Amino acid sequence: MQPDQAIKTEAMQIKKASTISWGQRFVMMRESRFGAFGPVLLALVCIWAYFGITEPVFLSPRNFYNLFMQSAVVGTIAVGITVVLLLGDIDLSAAATSGVCAALMAVLVTNVGMWGPLACLIAIVLGIVMGTTQGMLIAYIGIPSFVVTLAGNLGFQGLMLKILGIHGAINMRDPFVRGITTVALPPALGWALAVVFVAVFAWFSLRRQARRRAIGLELDTPTALYGSIAFFAVLALAAVWTLNSYRGVPLLVVLLIGMTALLGWVTTSTPFGRMLFAVGGNQESARRVGISVQRTRVAAFGIVGLMAAIGGIVGASRYASVSFNAFAGGPLLLEAIGAAVIGGTSLFGGRGSVWNALLGALVIGSLGNGLDLSGASAADKLMFSGAILLLAVAIDALSRGGGNGGR
């Protein structure tokens, strides 16, 4: 058989197999997504147990409230970074993009006097444009994502300083922007939302079981199925009870869970999500079955820009100011990437979950919070965070057979 004919035959076989097994493949992918909660949840429980014993104030409702708020910025950006990691790419400019969008919003609100919601919308559009532009350079010109986003990181840092001006910081007093992180829900509304989240989780779990039954795949045992629903219900109700014991469920937490749920649905239940995992799993096979690798990559970087802009708005609200050190000059980028990786997203592409990115952000936030309470130095915090990140990457590499990812 001639080489060209062999390639055509292989492509036809791949296309036929992909057409037959799309549903089965992504039901299995959902299975791995739920199964991946285990390690990061175990790490989180261990951290909470250790600091709960050594620092009793760690488990107080007030500290948990502050912990969720402190982890929100990292979690928001980490959810976006997870999308490009699914492709096997990386975005090193996410924190700088966040800073530029936050700086522009602060200037529009504080110096120009623009209406807060409109300024936030403009900042979000800017983030999407910044991410999409980098995605186009990567997808259509062929420059590696590491190089493009590293250059973007440096350039966006300079742009942020230009926008902020000589002082390098702008205070944020706009009531709309500040309200994003200062408003808490009434206790009754918090309980109602918890019940809704539990009901939605139960519906998706039962629907997934029904789909597996319809295509003849192995079903979860009743103990596993209803046990996971019960565990989620206990977790959600305990979180609401804890937060209501202090100030109530923060509006920011609800918004972040809503955005993550939307992206979770996009990445697991839409054609675009299937393309993400297909390209991340094997780019050449994805191209041969007709998937537009370039457009998928551009869209993924646009989503990172969107989440980075939202993270910048959240950060400006949380810190009541926008400064270079809080975004581009600090550890925000490394913490966001670390949260995605600790959550189980593979650096080699094709495996991960936006939900786990939130859990990874909680791991990093809990570790930092606990070390702060115990009086640890900044050096200790960095070393502990680095060790956990290295362990997460090592586990990922070993699970891939030495870290080559099959490439």
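Note that the structure is a prediction, hence the values are computed from the model and not measured.

1. Quick look at the overall build of the chain
Then, in step 1: A count of helical and extended segments in the chain gives 18 helices and two strands.
Then, in step 2: Residue burial in the chain is summarised as follows: out of 407 residues, 49% are buried.
Then, in step 3: Surface exposure of the chain reaches about 18900 Å², of which carbon and sulfur atoms provide 69%.

2. Re the packing of aromatic side chains
Then, in step 1: Applying the stated criterion across every chain yields a total of nine aromatic pairs.
Then, in step 2: On the basis of an interplanar angle of 75° and a centroid distance of 5.1 Å, the ring pair of tyrosine 50 and phenylalanine 51 is categorised as edge-to-face.
Then, in step 3: Taking relative accessible area as the criterion, tyrosine 50 reaches 51% and is therefore assigned exposed.
Then, in step 4: Relative accessible area serves as the criterion here: at 5%, phenylalanine 51 is assigned to the buried category.
Then, in step 5: Following the ring pairs from residue to residue traces out a cluster consisting of Trp48, Tyr50, Phe51, Phe58, Phe64 and Phe68.

3. With respect to the nonpolar core
Then, in step 1: In terms of nonpolar packing, the biggest core is built from 102 residues, with Met105, Met160 and Val322 touching the most fellow members.
Then, in step 2: Ranked by the residues each element gives to this core, the list is headed by helix H5 (residues 94–111), at twelve residues.
Then, in step 3: Lining this core are residues from two domains, each supplying at least three of them: domain 1 (38–183 + 250–399) and domain 2 (184–249).
Then, in step 4: Beyond its immediate sequence surroundings of up to four residues, methionine 105 is in contact with Ala119, Cys120, Ala123, Met172, Val177, Ile313 and Ala316.

4. Points about helix H4 (residues 72–85)
Then, in step 1: An ideal rise of 1.5 Å per residue puts 20 Å on 14 residues; H4 measures up with 20 Å between its terminal C-alpha atoms.
Then, in step 2: The buried fraction of H4 amounts to 14 of the 14 residues, a majority that puts the element mostly inside the structure.

5. Some details on the pattern of salt bridges
Then, in step 1: Tallied over the entire structure, the rule returns three salt bridges.
Then, in step 2: For aspartate 89, the salt bridge is made with arginine 297, and the minimal N-O distance between the two is 2.5 Å. Of the two residues, aspartate 89 sits in the loop between H4 and H5 while arginine 297 sits in helix H14 (residues 293–319), which places them 208 residues apart along the sequence.
Then, in step 3: Measuring nitrogen to oxygen at the nearest pair gives 2.1 Å for the salt bridge that ties glutamate 284 to arginine 287.

6. Brief notes about the packing of H5 against H14
Then, in step 1: In the contact formed by H5 and H14, the axes pass within 7 Å of each other and the chain directions differ by 55°. One way to sum up the angle between H5 and H14 is to call them oblique. For the element pair H5 and H14, the recorded crossing hand is right-handed. Counting all contacts with H5, which are made through Ala94, Thr97, Ser98, Cys101, Ala102 and Met105, the residues of H14 involved are Val304, Ala308, Ala309, Gly311, Gly312, Ile313 and Ala316.
Then, in step 2: For the contact of H5 with H14, the class distribution of residues is nine nonpolar, four polar and no charged.

7. Remarks on helix H8 (residues 175–182)
Then, in step 1: Within H8, the full set of buried residues consists of Val177, Gly179, Ile180 and Thr181.
Then, in step 2: As for H8, its buried residues are in contact with helix H3 (61–70), H5, helix H6 (116–141), helix H11 (251–269) and H14.
Then, in step 3: Regarding H8, its N-cap is aspartate 174, as a side-chain oxygen of that residue lies 3.1 Å from the backbone nitrogen of phenylalanine 176 further along.

8. Re the confidence of the model for the chain
Then, in step 1: Mean pLDDT over the chain works out to 84, with 87% of the residues at or above the 70 mark.
Then, in step 2: Between the elements of the chain, mean pLDDT differs from a low of 42, seen in helix H1 (residues 3–35), to a high of 95, seen in H6.
Then, in step 3: Taken as a whole, residues 1–35 scores under 50 in pLDDT and shows 41 contacts with residues more than four places along the chain or in a different chain.
Then, in step 4: Below a pLDDT of 50 lies the segment residues 402–407, which in the model reaches ten contacts outside its immediate sequence neighbourhood of four places, other chains included.

9. Describing the environment of alanine 202
Then, in step 1: In this fold, alanine 202 is placed in helix H9 (residues 187–214).
Then, in step 2: Among the residues examined, alanine 202 registers a relative accessible area of 16% and is labelled buried.
Then, in step 3: Along the sequence, alanine 202 and alanine 233 sit 31 residues apart, while their C-alpha atoms lie 9.1 Å from each other.

10. Concerning the packing of H4 against H11
Relative placement of two packed helices is described by the angle separating their axes and the distance separating the axes.
Then, in step 1: It is at 11 Å that the axes of H4 and H11 come closest, and there the two elements cross at 10°. The angle between H4 and H11 places the two elements in the roughly parallel class. Touching Ala72, Thr76 and Val79 of H4 are Leu252, Leu256, Thr260 and Leu263, all from H11.
Then, in step 2: Classifying every residue of the contact of H4 with H11 by side-chain character gives five nonpolar, two polar and no charged.

11. Section: the environment of leucine 359
Then, in step 1: Residue placement: leucine 359 occurs in helix H17 (residues 354–373).
Then, in step 2: Taking the C-alpha atoms as reference, leucine 359 lies 7.2 Å from leucine 41; in sequence the two are 318 residues apart.

12. Quick look at a nonpolar patch on the surface
Then, in step 1: Side chains of Met136, Leu137, Tyr140, Ile141, Ile143, Phe146, Val147, Leu150 and Leu154 sit close together on the surface and give an oily, nonpolar patch of about 850 Å² of accessible area.
Then, in step 2: Of all the secondary-structure elements, those providing two or more residues to the nonpolar patch are H6 and helix H7 (145–164).
Then, in step 3: Within the fold, leucine 150 resides in helix H7.

About the cut-offs
Residues numbered from 1 in each chain as written. Predicted model: local features only at pLDDT ≥ 70, side-chain atom pairs only at ≥ 80, totals over all residues. Heavy atoms only, no water. Helix = DSSP H or I, 4+ residues; strand = E, 2+ residues; numbered from the N terminus. Buried < 20%, exposed > 50% of the residue type's maximum accessible area, 1.4 Å probe, protein only. Areas by Shrake-Rupley, 256 points an atom, 1.4 Å probe, with all protein chains shown as cover. Phe/Tyr/Trp six-rings, centres within 6.5 Å; stacked < 30°, edge-to-face > 60°. Core = buried A, V, L, I, M, F, W, Y, C linked by side-chain atoms within 4.5 Å. Domains from an automatic or database assignment. Contact = heavy atoms within 4.5 Å. Expected span 1.5 Å × (residues − 1). Salt bridge = Lys/Arg side-chain N within 4 Å of Asp/Glu carboxyl O. Axes fitted to C-alpha atoms, helices over the stretch in contact; angles between N-to-C directions. Parallel < 35°, antiparallel > 145°, perpendicular 65-115°, else oblique. Left-handed = near helix turned anticlockwise from the far one by under 90°. Nonpolar A, V, L, I, M, F, W, Y, C, P; charged D, E, K, R; others polar. Polar contact = N/O pair within 3.5 Å; in protein donor to acceptor, adjacent residues only side chain to side chain. pLDDT = per-residue confidence, 0-100. Patch = residues over 30% accessible without salt bridge, like charges linked within 9 Å, V, L, I, M, F, W, Y side chains within 5 Å.

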